[in-house]
Amino acid sequence: MTDTPTSKRFAPIGPLTGTIRVPGDKSISHRALMFGALAVGETKVTGLLEGHDVLATAEALRIMGATIERFDDGSWSIHGVGVGGLLQPAQALDMGNSGTSTRLLMGLIASHAITANFTGDASLSGRPMGRVIDPLSQMGARFEPSPGGTLPLMMKGSFPTVPISYRLPVASAQVKSAILLAGLNTPGITTVIEPVPTRDHTERMLKGFGADLTVEEVDGERVIRIRGDAELTPQTITVPGDPSSAAFFIVAALLVEGSDLTIENVGLNPTRAGLITVLQQMGGDIELLNEREVGGEPVADLRVQHSQLRGIDVDPAIAPSMIDEFPVLFVAAANAQGTTTTSGLHELRVKESDRLSAMAAALTSVGARLKELEDGLVIAGSGGEPLRGTGNELITTHLDHRIAMSMAVAGLASKDGVEVDDTRPIATSFPDFEQLLEGAARG
Ligand code: S3P
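Basis of the calculations
Note that residues are indexed from 1 along each chain, following the sequence as it is written. For this predicted model, a pLDDT threshold of at least 70 governs which residues receive local features, and a threshold of 80 or more governs which side-chain atom pairs are given and counted, while totals over whole chains, interfaces and linings are taken from all residues. Based on all heavy atoms of the structure, the side-chain values leave hydrogens and waters out of the count. An automatic or database domain assignment provides the domain bounds reported here. Contacts were defined at the residue level, with two residues in contact if any of their heavy atoms lie within 4.5 Å. Simply put, the buried area is the total loss of 1.4 Å probe accessible area from both parts when two parts are fitted together. Note on definitions: salt bridges are taken to be side-chain nitrogens of Lys or Arg within 4 Å of carboxyl oxygens of Asp or Glu. Side-chain atoms alone can form a polar contact between residues adjacent in sequence; in general such a contact is a pair of N or O atoms within 3.5 Å, and within protein one must be able to donate a hydrogen while the other accepts it. Only DSSP runs of H or I reaching four residues or more are called helices, and only runs of E reaching two or more are called strands; each is numbered from the N terminus. Each residue gets one label: Ala, Val, Leu, Ile, Met, Phe, Trp, Tyr, Cys and Pro are nonpolar, Asp, Glu, Lys and Arg are charged, and the others, such as Gly, are polar. Working definition: with a 1.4 Å probe on protein chains only, accessible area under 20% of the residue-type maximum means buried, over 50% means exposed, and in between means partly exposed. To obtain an axis, a line is fitted to C-alpha atoms, over the contacting stretch when the element is a helix, and the angle between two such axes runs from 0 to 180 degrees between their N-to-C directions. Crossing handedness is defined as follows: a turn of the near helix away from the far one that is anticlockwise and smaller than a right angle gives a left-handed crossing, while the clockwise case is right-handed. UniProt positions are given in the numbering used here, feature names are shortened, and annotations may be inferred rather than shown by experiment. Using only the protein atoms, space was sampled on a 1 Å grid; points where a 1.4 Å probe fits but cannot get out form cavities, open sets with protein on both sides within 12 Å along at least five of seven lines form pockets, and lining residues are those with an atom within 4 Å of a point. Grid points are joined across faces, edges and corners, and a volume is the space filled by probe spheres set on the points. Ring pairs shown here join Phe, Tyr and Trp side chains whose ring centres sit within 6.5 Å, with only the six-membered ring taken for Trp; geometry is labelled stacked below 30 degrees between planes, edge-to-face above 60, and tilted in between.

Okay, the domain arrangement of the protein chain next. You can read the domains of the protein chain as domain 1 (8-24 + 240-442) and domain 2 (26-238). Placing the centre of domain 1 and that of domain 2 at their C-alpha centroids yields a distance of 29 Å. Across the contact, 28 residues belong to domain 1 and 26 residues belong to domain 2. Both sides together, the interface formed by domain 1 and domain 2 hides about 2,200 Å², and carbon and sulfur atoms give 50% of it. The largest share of the area that domain 1 buries against domain 2 comes from Arg272, Glu352 and Thr428, three residues that together contribute 23% of it. The salt bridge involving Arg199 is made with Asp324; its shortest N-O contact spans 3.3 Å. Taken together, the links from domain 1 to domain 2 amount to 16 residue pairs in polar contact (both at pLDDT 80 or more). When residues of the side of domain 1 that touches domain 2 are traced back to their parent elements, those giving at least two are strand E17 (297-305) and helix H11 (401-412). Here the side of domain 1 that touches domain 2 is built from residues that sort into 11 nonpolar, 9 polar and 8 charged.

Quick look at the structure:
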């Protein structure tokens, strides 16, 4: 990332039409690299997201001994070190903006007799790591975090680690995955109990790599067990398009009059697809075409047409399946007819930014009427009237890619456009967002 923020005005544009593809899924891309790095032999990946977050994972795995290459056709190859084979890193692991890289790699390292130093940018250095430190300490790893349980952090893995049975206190796929990855190289059976289901890419992909992993539903909770001392078999992986990136184009097409946009190859794993359900409940015209499977994940092409949205009460139970999509849902709600109420969203306060307060401030400055509650926003929609601020508001993105892209979408549907203070963070998850937007506006 360059040193100086790059501001940009996102002005109203014409209808979004034609057919686009969004880049590969960020969660699946991180996992493809990590599991490939633990398999002996060559794992091949196509459709890998080449955003800064995923590249941070690749670099850390190289530092710990994996061979990772990109070919000219955009495909990737990983030669792994085998489960338990990570090497002592000779330098600090710079995680940039990426919570997923940090927490999953902490899990991987926990069961190796190595010491690692984790660093990150200002956003990542404010995020809580106690949620992974607690279970991984129970397994035997040791941690010296900065005050408040944050980065920079030093950890000492342990070999052997002890298997634990751990009920997740927060609905977090990152915490679940960190424990399962530590469990891969831990003798015996490591168990994670999920009272609320979260994205299950780790479980699906680990099974694909040959790990002995079971998922059972017991008294309404998901019980995931992994047998340690595992051996992983290299795979050929096709990464589907990221539903969290598609979300910006879905909402943009719903809001901008005359739009009729097809987004091909969007991952629709049920643990990720909550936004589509909610937007359909709001009256959004989103059609699922050509439903199929890609790389063990359900995928479809989405046809999205401009719609007048209606405000609804969003069921908090759906939150984990759209946890990254709330910023852009708030933009949809601000343009809908009637009031949208969201609740149960405490986790949004510890993402790349405090997304409740960041979006409340951003939308208010462009003329939306809303109330910020402890665990959600209540938004009185404009009824389809384009939002209009005082004219010189500058949106603060707080190093958060999803705030930047959500407010870009708000700009497209506004009266006079919206100026975002810093578009650099967009490259963490969606490097060609702006080009794709301009292309879709040209049709
Ligand atoms: C992710 C899990 C989610 C999500 C993040 C990616 C993952 O975080 O917000 O963008 O790949 O496991 P939490 O596990 O903290 O909810």
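Still more ground to cover, so stick around.
This structure, assessed with the given rule, holds 29 salt bridges. The residue Arg131 makes a salt bridge to Glu347 at a minimum N-O spacing of 2.8 Å. In this pair, Arg131 sits in helix H4 (residues 130-138) while Glu347 sits in the loop between strand E18 (339-341) and helix H10 (355-365), placing the two residues 216 residues apart along the sequence. As far as burial versus exposure is concerned, Arg131 and Glu347 are alike and both buried.

Take the packing of helix H1 (residues 26-38) against helix H6 (residues 201-208) next. Contact pair H1 / H6: the axes reach a minimum separation of 10 Å and the direction vectors enclose 35°. As for the relative orientation of H1 and H6, their crossing is right-handed in sense. Across the interface between the two elements, Ser27, Ile28, Arg31, Ala32 and Phe35 of H1 pack against His201, Thr202, Met205 and Leu206 of H6. Here the residues of the contact of H1 with H6 are counted per class, giving 5 nonpolar, 3 polar and 1 charged.

Summarizing the sequence annotation, UniProt attributes the feature "binding site: 3-phosphoshikimate" (unreviewed entry) to Lys26, Ser27, Arg31, Ser172, Gln174, Asp324 and Lys351 in the numbering used throughout. Checking the annotated residues one by one, the ones that line the largest pocket turn out to be Lys26, Ser27, Arg31, Ser172, Gln174, Asp324 and Lys351. In this structure, Arg31 sits in helix H1. Assessed through its relative accessible area of 1%, Arg31 is described here as buried. Setting aside anything within four residues of it in sequence, one finds Arg31 in contact with Gly36, Thr100, Leu104, Ala173, Ser177, His201, Thr202 and Met205.

Counted as a void, the largest pocket has a volume near 560 Å³. What lines the largest pocket is a set of 35 residues, among which Ala171, Ser172, Ile323, Asp324 and Lys351 lie closest to the centre. Elements represented by at least two residues in the lining of the largest pocket include exactly H1, helix H3 (99-110), helix H5 (173-184) and H11. Within the lining of the largest pocket, the residues separate by chemical class into 8 nonpolar, 12 polar and 15 charged. Residues from two domains meet in the lining of the largest pocket; each of domain 1 (8-24 + 240-442) and domain 2 (26-238) gives at least three.

Let's shift gears to unusual backbone geometry. Of the consecutive residues Leu151 and Pro152, the connecting peptide bond is found in the cis state with omega at -5°. Inspection of the secondary structure assignment puts Pro152 in strand E9 (residues 150-156). The omega torsion across Phe159 and Pro160 is 0°, close enough to zero to call that bond cis. Topologically, Pro160 is positioned in the loop between E9 and strand E10 (165-167). Within the chain, His398 stands out as a residue other than glycine whose phi angle is a positive 55°. In this fold, His398 is placed in the loop between strand E21 (394-395) and H11.

Attention now goes to the packing of aromatic side chains. Tallied over the entire structure, the rule returns 6 aromatic pairs. Here the aromatic rings of Phe248 and Phe433 are separated by 6.1 Å at their centres, their planes lie at 80°, and the arrangement is edge-to-face. Here the residue Phe248 occupies a position in helix H7 (residues 243-255), and Phe433 occupies one in helix H12 (residues 433-442), the gap between them amounting to 185 residues. Classification of Phe248 by relative accessible area gives buried; the value is 2%. Given the relative accessible area of 0%, Phe433 is considered buried. When the centroid spacing of 5.4 Å and the interplanar angle of 65° are considered together, the rings of Phe430 and Phe433 count as edge-to-face. Neither Phe430 nor Phe433 differs from the other in exposure class; each is buried. Through pairs of rings, three or more aromatic residues link up here, namely Phe248, Phe249, Phe430 and Phe433.

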